Amino acid sequence: MSKRWISFDLDGTLMQNPFGAWVFPEIARVISGQLGREHDIVSEMVAEHERRMSEERYVEAYDWDDILFSRCDELCIEKTIEIESLVRKHSVIPKVNLLEGGILQMLDEMKKRGFSLAVVTNGFYKFQAPVMEALGLLNYFDEIVTPERAGAGKPDPAILQKLSGEVVAHVGDRLDHDIQLANRSHVTSILIERKLPEDLARLQPQMRANDQRMRLLCLEKWKRECKNPFLLELPELFMPQIVICSMSELLSVLNEQGLG
């Protein structure tokens, strides 16, 4: 029997990683110490990441070790930091956390229903696995698809080619990465937006995407993701088919869609 996959983004969808609050600040402290002055290496690293993304170099854009090495080379200092080691150091609760209660139980129920589960993330495996292990996520997934393993990154549909069978739906929190990926791949696109306005949260998940208020909310979200406040219209490619405000809604959505 062909596998039926549900794929998930990680950061902002299932979990909070330690990069923003712990890993990047430690990198900044170490580099500033080596230079003997304050230096905002993190902004430089993020700028290089964004440059690579704009050039559709999706795999290289998430190679944080290479990005840090290139910055150290420019600064004429030795790269003394292994980012994987920092991630492992900081992958402890409460520095990392699941984004809501019941996620593990939801994943377990999906597996009982016969779904194969995949992580499809732009983070390299060595940066994601320690966080997943700390949070108890690792054993629930049949595949962990990452850019350096797949040779592609979101939103390139090639990243899904490793999943043999039918990808039923992809769940994520970003329009530019996750929703675009799913729509380009002709997969049911499910946006998780935990801060929905009350009037939208009251609607059934299947109805939210058809509401003009949701389209306007997605347009504002897309502007933030693109860092372009002057965009006037959201292309259909970035519009989710389904919007959930918690993972607890996912099983009922799959049933309603005839996917469960």
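Per chain, residue numbering runs from 1 following the sequence as it is written. pLDDT decides what is reported in this predicted model: residues at 70 or higher carry local features, side-chain atom pairs at 80 or more are listed and counted, and totals for whole chains, interfaces and linings draw on all residues regardless. Side-chain measures here rest on the full set of heavy atoms in the structure, leaving out hydrogens and waters.

**Section: the overall build of the protein**
Part 1: For helices the rule is a DSSP run of H or I covering at least 4 residues; for strands it is a run of E covering at least 2, with both sets numbered from the N terminus onward. Within the protein one finds 13 helices and 8 strands.
Part 2: Its C-alpha atoms give the protein a radius of gyration of 19 Å, near enough to 18 Å, the size a compact globule of 260 residues would have.
Part 3: By its C-alpha atoms, the protein is 60 × 45 × 35 Å across when sized along the principal axes.
Part 4: By definition in these notes, contact holds between two residues if any of their heavy atoms fall within 4.5 Å. Counted over contacts in the protein with a minimum sequence separation of 6, partners at least 24 positions apart contribute 69%.
Part 5: Approximately 12,300 Å² of the protein is accessible, and the part contributed by carbon and sulfur atoms is 49%.
Part 6: Charge centroids of the protein, computed over 31 positive and 41 negative side chains, lie 2 Å from each other. Taken over C-alpha atoms, the radius of gyration is set against a globule rule of 2.2 Å times the number of residues to the power 0.38. Note that accessible areas follow from Shrake-Rupley with a 1.4 Å probe, and for residues the cover is restricted to the protein chains shown. The positive count covers Lys and Arg only, the negative count covers Asp and Glu only, and His and the chain ends enter neither. A single reference atom marks each charge: NZ on Lys, CZ on Arg, CG on Asp, CD on Glu.

**Considering the pairing of strand 1 (residues 4-8)**
Part 1: Using a 1.4 Å probe on the protein chains alone, a residue whose accessible area is under 20% of its type maximum counts as buried, one over 50% counts as exposed, and one in between counts as partly exposed. A large share of strand 1 lies buried, amounting to 4 of its 5 residues.
Part 2: Bridge count between strand 1 and strand 6 (residues 166-172): 5 bridges; the pairing is parallel. Counterpart to Trp5 in the pairing with strand 6 is Val167. Being paired, for any two strands, means DSSP has found at least two bridges between them.

**A closer look at helix 6 (residues 103-112)**
Part 1: Within the sequence span of helix 6, burial applies to Ile103, Met106, Leu107 and Met110. Within helix 6, the buried residues cover an arc of 100° as seen down the axis, which keeps them to one side. Away from the buried face of helix 6 by more than 90 degrees, exposed residues Gln105 and Lys112 are located.
Part 2: The elements touched by buried residues of helix 6 are strand 1, strand 3 (97-98), strand 4 (116-120) and helix 13 (250-256).
Part 3: Looking one or two places after helix 6, you find Gly114, whose phi comes out positive at around 100°. This arc describes the spread of directions from the helix axis toward the C-beta atoms.

**What about unusual backbone geometry?**
Part 1: Between Ile93 and the following residue, Pro94, the backbone shows a cis peptide bond with an omega angle of 10°.
Part 2: As for its placement among the helices and strands, Pro94 is situated in the loop between helix 5 (83-90) and strand 3.
Part 3: Cis geometry marks the peptide bond from Lys154 to Pro155; its omega dihedral reads 15°.
Part 4: As for its placement among the helices and strands, Pro155 is situated in the loop between helix 8 (147-150) and strand 6.
Part 5: Phi angles above zero are rare outside glycine, and Cys76 is one such case at about 60°.
Part 6: Judged by its relative accessible area of 71%, Cys76 falls in the exposed class.
Part 7: A positive phi is found at Lys227, a non-glycine position, where the angle reads about 55°.
Part 8: A relative accessible area of 59% places Lys227 in the exposed class.

**Observations concerning the pattern of salt bridges**
Part 1: What counts as a salt bridge is simple: a side-chain nitrogen of Lys or Arg found within 4 Å of a carboxyl oxygen of Asp or Glu. Taken as a whole, this structure holds 28 salt bridges when the rule is applied.
Part 2: One salt bridge connects Arg113 with Glu109, and the closest N-O pair in it is separated by 3.2 Å.
Part 3: On the basis of relative accessibility, which here comes to 29%, the residue Glu109 falls in the partly exposed class.
Part 4: Between Lys223 and Glu220 there is a salt bridge, with its nearest N and O atoms 3.2 Å apart. Here Glu220 and Lys223 lie together in helix 12 (residues 212-226), a separation of 3 residues that amounts to about one turn.
Part 5: A relative accessible area of 16% places Lys223 in the buried class.
Part 6: With a relative accessible area of 38%, Glu220 lands in the partly exposed category.
Part 7: Look at the salt bridges and you will find they share partners, linking Glu48, Arg51, Arg52, Glu55, Arg57, Glu60 and Asp66 into a network.

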